[in-house]
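# Commentary on secondary and tertiary structure
Chain by chain, the residues:
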Amino acid sequence: PRVTPRPRVAAADAAVAPGDPGAALDVDPRVGTPGLLEDPSGVALLPLYRALALLDSGAAARVGIVQLGDSLTAGDFQTSVMRQRLQARFGDAGRGWLLPGKPIKHYYLGDAQYGSEGKWDVEYGMKRTAIEPVGLGGVRIHSGSTKVSSWVSTCSRCNAGKTASHIELWYRRTPESGTLTFTVDDGTPEKLPMRLPRGAPPEGTQSHVIVVPDGAHKLTLRPLGDGVVDLFAVIMERGEPGIVLDAIGVVGAQATHLERWDWTWVGEQLARRAPSLVVLAYGTNEIDDDGLDLARFEARLVELVRRIKVAVPDAAVLIQGPPDRGQRELGRKECEKVEKKGKGGKQRGKKGKRLSKRERERVRVMLPAGVVRPGCEWKTAASLAGIIAAERSAAARSGAAFYDVFTAMGGADRSDLLLHQEPKWFYKDHVHFATAGGTFVAAHLLQDLMARYEAWRVRRGLPAPLRSANPPWPPVPVLPTAPMPTVPPTPATPATPGPTPATPGPTPSAAKAR
C-alpha cells in the first residue's frame, strides 16, 4: 500500500452564507416539546443542517458526527443504528474512530472488528493514576515489547463499516519513542519511526494515513522493540461523500471526566475529526455520585460545551439526557433472595449456599406471579430528575440543543417494563440499552432531527435532494404501554410459620453504567 500524509479534513462549509438577507429563515420556530429535540435558540443545529444540505446538493462533502459519553455510548447500540440510517440516507463515508485493538476490558463498539495480543500498558482516563495525555477516547496504549500487537479491521458481516480506503493512525512522538511496524492485510510489514529528535519542541497528535483500494482491510500494529510506541486511535474511512459517526464512550464516565482530561490533546483530536455535530451523552453515572452538586454539574457542562466550540467552532452541539435508571429501595441482595429447602430442611440461597441465621430471618417470601415485594419495585433513581433538569438548563445557557431520552422512553419507572419486552429493551441491570432500546432512541431522535432539517430546507426554498431515491426512513418502534407489576397493600404471609423479617440493611450501590 502507498503511505501518504493525509490533508487536514475541514468541516463542511455552510450551504447558505451566515448573515445573508434570508438568515432569519434559519431560525427554527419549533423550540421543542419534552421528549423531542429542544432548541431554545432556534439555531443550535444550524451547522449540521448546512452540512447535510451540502450532501443533498451532490457536493463531495464529508459530514462528521462525534458522540462522547459513558457506557451507553460505548455499547454502540444507539449510535450504530444512527450510523447505518444516516449513511443510507446521505452516503457512506466510512466507519470512523476506533481504539487500536481491544486495549481495555469493556470495549464493545460495533460495525468493526478488533483485537489485541499480549499486555499493552494502558493509560486509562478513568483512573486517577493515568498519565496524560489520554486523548479524545480517554485511552492511550504504549509498549516497547515485540510480544504485543493490536489489529483493527472492516466488518463484512456488519451493517456498516464494510469497507475502507483511508486508514489513519493517531500516535505520539517523544525522544524515547521507538519504531512501529504495521501490516495491511497479508502484506509486507512496514516501519513507522516515531522518535522525536532530542531538543525538538513537544508535538501534538501525529497522524499517519495508509491509502488502499476501497474494500475489506485489516491493519495490524506491533512495536519493533527499539523503544516505546504510543497509540491513541485508528480511523477507518472511505474518502467518499457521506456521513461518518464516531461513538466515543468510556465505561463509568461522567461529564466531569472528559472535562478534566488534558484539553490540549482532547481539543486538538476533536478538531481533527472535524465534526458538524458533537453529542454529549452523560448523566447515568452521575446518579452514583451521592455528593453531586447540581449547580456545579450544570456549570461544568456549560464549560464543556464552551471548550467544544473553541475546538470546533463550526459544529453544532447536542446534549443528550440519560434514560430511566431503575433502582430498588431494599437493594439487590435483599430483593433477589428466595426461600428454598435443602437436605435436612436447611434453608439455602439461590445457588444452594447455606444461609446464616440472620439471612434466614431476612429471606424473601415468594409472592404470586406479577406481585412485587414492597421495597423491591424498580423505581426511577431519585436524583435523575435533577440531573436531567441541569442538563436541559446547561443546553439553554450554552446555545446547545437538548434531547430528553427519559421522556422519550415513557418517563419514570419504565426500566423494568422495558426489560421484560420481547425483545428486551434494557439489560437486567436496568441501566444499559439492549438492541431494541438503542434502536428506539436512535429512531426517535433521527425522526425529529430529520423533520427539523426538512422544515429548514423548505423555509430556505432549497431544491429537492439529489439523494431522495434512497430507501424511505424507517418508522420509530412502538413504545410499550403494558401495566407495571402490582405491589400488595400489605406484606404477604409466609406459607409456613417463620421469624418476622428484620429491618433491611443499607441499600447497596447501583451498578455503574457500562
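Residues numbered from 1 in each chain as written. Predicted model: local features only at pLDDT ≥ 70, side-chain atom pairs only at ≥ 80, totals over all residues. Heavy atoms only, no water.

## Describing the confidence of the model for the protein
Here the protein averages 84 in pLDDT, and 79% of its residues register 70 or above. Low pLDDT, under 50, characterises residues 1-19; the stretch is placed with 39 contacts to residues that sit more than four places away or in other chains. Long-range and interchain partners of residues 484-514, a stretch whose pLDDT sits below 50, account for 55 contacts in this model, where long-range means more than four residues apart. (pLDDT = per-residue confidence, 0-100. Contact = heavy atoms within 4.5 Å.)

## Quick notes on the environment of Gly 187
Assignment of secondary structure puts Gly 187 in the loop between strand S10 (179-184) and strand S11 (190-193). Spatially, the C-alpha atom of Gly 187 lies 9.9 Å from that of Leu 219, the residues being 32 residues apart in sequence. (Helix = DSSP H or I, 4+ residues; strand = E, 2+ residues; numbered from the N terminus.)

## Side note on the sheet that holds strand S22 (residues 401-403)
On the basis of which strands lie adjacent, the open sheet formed by 6 strands has the order S2-S22-S17-S16-S3-S15 and mixed pairing. Because the sheet does not close on itself, it has two edges, and the strands there are strand S2 (37-38) and strand S15 (242-249). As paired elements, S2 and S22 share 2 bridges and run antiparallel to each other. Along S22, the bridge assignment pairs Glu 38 with Phe 402. Where helix H3 (residues 77-90) meets the sheet, its contacts fall on strand S3 (62-69), S15 and strand S17 (316-320), and the angle it forms with S15 comes to roughly 170 degrees. (Pairing = 2+ DSSP bridges. Axes fitted to C-alpha atoms, helices over the stretch in contact; angles between N-to-C directions.)

## Describing the nonpolar core
One finds Leu 68, Leu 169, Leu 231 and Leu 258 to be the most contacted residues of the largest nonpolar core, which totals 77 residues. The element contributing the most residues to this core is strand S14 (residues 229-237), with 7 residues. Apart from residues no more than four positions distant in its own chain, Leu 169 is found in contact with Leu 180, Leu 192, Met 194, Gln 206, Ser 207, His 208, Leu 221, Leu 231, Ala 233 and Val 234. (Core = buried A, V, L, I, M, F, W, Y, C linked by side-chain atoms within 4.5 Å. Buried < 20%, exposed > 50% of the residue type's maximum accessible area, 1.4 Å probe, protein only.)

## Focus on the pattern of salt bridges
Pairs may arise between side chains of opposite charge once their charged atoms sit close together. Taken as a whole and judged by the stated rule, the model has 25 salt bridges. The residue Glu 203 makes a salt bridge to Arg 173 at a minimum N-O spacing of 2.9 Å. Pair noted here: Glu 203 is in the loop between S11 and strand S12 (206-215) and Arg 173 is in the loop between strand S9 (164-172) and S10, with a separation of 30 residues, a long-range link. You can call Arg 173 partly exposed: its relative accessible area is 21%. Here Arg 397 and Glu 298 are joined by a salt bridge, their closest N and O atoms 2.9 Å apart. One end of the pair, Arg 397, is in helix H9 (residues 384-398); the other, Glu 298, is in helix H6 (residues 294-311), and 99 residues separate them in sequence. Overall, Arg 397 belongs to the exposed group, its relative accessible area being 52%. (Salt bridge = Lys/Arg side-chain N within 4 Å of Asp/Glu carboxyl O.)

## Quick word on the state of the cysteines
The final tally for this structure, using the stated rule, is 1 disulfide. Cys 155 shares a disulfide with Cys 158; S-S distance 2.0 Å. Judged by the sign of its S-S torsion, about 65 degrees, the bond between Cys 155 and Cys 158 is right-handed. Exposure class is identical for Cys 155 and Cys 158. Each is buried. (Disulfide = S-S within 2.5 Å.)

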